[in-house]
Amino acid sequence: MGIRFVLLVNKQGQTRLAQYYAEHLTLDERRALEGEIVRKCLARNDQQCSFVEHRNYKIVYRRYASLFFLVGVDNDENELAILEFIHLFVETMDRHFGNVCELDIMFHLEKAHFMLEEMVMNGCIVETSKSNILAPIQLMDKAS
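Summary of the structure given here. (Residues numbered from 1 in each chain as written. Predicted model: local features only at pLDDT ≥ 70, side-chain atom pairs only at ≥ 80, totals over all residues. Heavy atoms only, no water.)

**Looking at the overall build of the protein**
Here comes step 1: A count of helical and extended segments in the protein gives 5 helices and 7 strands.
Here comes step 2: What you see in the protein, going N to C, is helices and strands ordered as β-β-α-β-β-β-α-α-α-β-β-α.
Here comes step 3: The C-alpha radius of gyration of the protein comes to 15 Å, within 12% of the 15 Å expected for a compact globule of 144 residues.
Here comes step 4: Summarising the internal contacts of the protein: among those between residues at least 6 apart in sequence, 49% fall at separations of at least 24. (Helix = DSSP H or I, 4+ residues; strand = E, 2+ residues; numbered from the N terminus. Rg over C-alpha atoms; globule rule 2.2 N^0.38 Å. Contact = heavy atoms within 4.5 Å.)

**Some remarks on the side chain of Arg4**
Here comes step 1: Tracing the sequence through the fold places Arg4 in strand S1 (residues 3–10).
Here comes step 2: There is a polar contact of 2.8 Å between the side chain of Arg4 and the side chain of Asp74. (Polar contact = N/O pair within 3.5 Å; in protein donor to acceptor, adjacent residues only side chain to side chain.)

**Things to note about the pairing of strand S3 (residues 51–54)**
Here comes step 1: Side chains Val52 and His54 project from S3 onto a buried face, and the interleaved Phe51 and Glu53 project onto a face without burial.
Here comes step 2: When S3 meets strand S4 (residues 57–64), the two strands line up antiparallel, connected through 4 bridges. By the bridge assignment, His54 is partnered in S4 with Tyr57.
Here comes step 3: With antiparallel pairing between neighbouring strands as the criterion, S3 and S4 make up a hairpin whose turn holds 2 residues, including Arg55 at a positive phi of roughly 50°. (Buried < 20%, exposed > 50% of the residue type's maximum accessible area, 1.4 Å probe, protein only. Pairing = 2+ DSSP bridges.)

**Digging into the packing of helix H2 (residues 79–97) against helix H5 (residues 130–143)**
Here comes step 1: Two elements in contact, H2 and H5, have axes separated by 10 Å at closest approach and are oriented at 35°. The handedness of the crossing between H2 and H5 comes out as right-handed. Where H2 abuts H5, its residues Leu88, Glu91, Thr92, Arg95 and His96 lie against Lys130, Ser131, Ile133, Leu134, Ile137 and Asp141.
Here comes step 2: Looking at the contact of H2 with H5 residue by residue, the classes come out as 4 nonpolar, 3 polar and 4 charged. (Axes fitted to C-alpha atoms, helices over the stretch in contact; angles between N-to-C directions. Left-handed = near helix turned anticlockwise from the far one by under 90°. Nonpolar A, V, L, I, M, F, W, Y, C, P; charged D, E, K, R; others polar.)

**Points about the nonpolar core**
Here comes step 1: If you look at the biggest cluster of nonpolar residues, it comprises 30 residues, and the most contacted ones within it are Ile3, Phe69, Phe85, Ile86 and Met93.
Here comes step 2: Mapped by element, the contributors of at least two residues to this core are S1, S4, strand S5 (67–73), H2, helix H4 (109–119) and H5.
Here comes step 3: Counting residues per element, this core draws most heavily on H2, at 9 residues.
Here comes step 4: Look past the residues within four positions of Phe85 in its chain and what remains in contact with it is Ile3, Val6, Val71, Leu116, Met119, Val120 and Ile125.
Here comes step 5: Within the second largest apolar cluster, 14 residues are counted, among which are Tyr20, Val52, Tyr57 and Tyr61. (Core = buried A, V, L, I, M, F, W, Y, C linked by side-chain atoms within 4.5 Å.)

**Notes on the layout of surface pockets**
Here comes step 1: Considering only enclosed or pocket space, the largest pocket measures out at about 160 Å³ in volume.
Here comes step 2: What lines the largest pocket is simply Cys41, Leu42, Arg44, Asn45, Asp46, Gln48, Cys49, Ser50, Tyr61, Arg62, Arg63 and Phe68.
Here comes step 3: Listed by contribution, the elements that provide at least two residues to the lining of the largest pocket are helix H1 (27–42) and S4.
Here comes step 4: It is S4 that provides the largest number of residues to the lining of the largest pocket, a total of 3 residues.
Here comes step 5: Considered class by class, the residues forming the lining of the largest pocket number 5 nonpolar, 3 polar and 4 charged. (1 Å grid on protein atoms, 1.4 Å probe; cavity = no way out; pocket = protein on both sides within 12 Å on 5 of 7 lines; lining within 4 Å. Points joined across faces, edges and corners; volume = space filled by probe spheres on them.)

**Observations regarding the sheet that holds S4**
Here comes step 1: Across the sheet, which stays open at both edges, the 5 strands sit in the order S2-S1-S5-S4-S3 with antiparallel pairing between neighbours. The open sheet has two edge strands with one neighbour each: strand S2 (15–20) and S3. Along the sheet, successive strands turn relative to each other by an average axial angle of 20°, direction set aside.
Here comes step 2: Where S4 lies against S5, 7 bridges are found, and the strand directions are antiparallel. Its bridge partner lying in S5, Tyr61 is registered against Leu70.
Here comes step 3: Set on the sheet, H2 makes contact with S1, S3, S4 and S5; between it and S4 the angle comes to about 40°.
Here comes step 4: Across the sheet, H4 touches S1 and S2, and the angle it forms with S2 is around 35°.

Here's what the structure looks like:
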């Protein structure tokens, strides 16, 4: 399958964006899973690698400024490819928002979700071109 979920979390552990793919978890189960993963990743220092195994997932994460980008994948997924995906997601948001920060995501959550939906479909990465990802969002901005 590939990607199971994508989480954007601040340094205090507050989830700013959560997207699940083919995970049939209740809200309480998701909240518990997010809490466990966030505590595990935030407790690690900068000298440790960006891959963590948790339950039946492999968590690939990266910190950009005050935000942690966490991606839960299958155990057979390529970690470096997921790190590249995280970087592409950040660069795409940077291009649209201009040096993206936590407030941009909070105030424009629908745009962040839309970018993610353009990039990932059903847990598989389907688009890697920044201009193709941003084209529909720019059209929506022009129309409004």
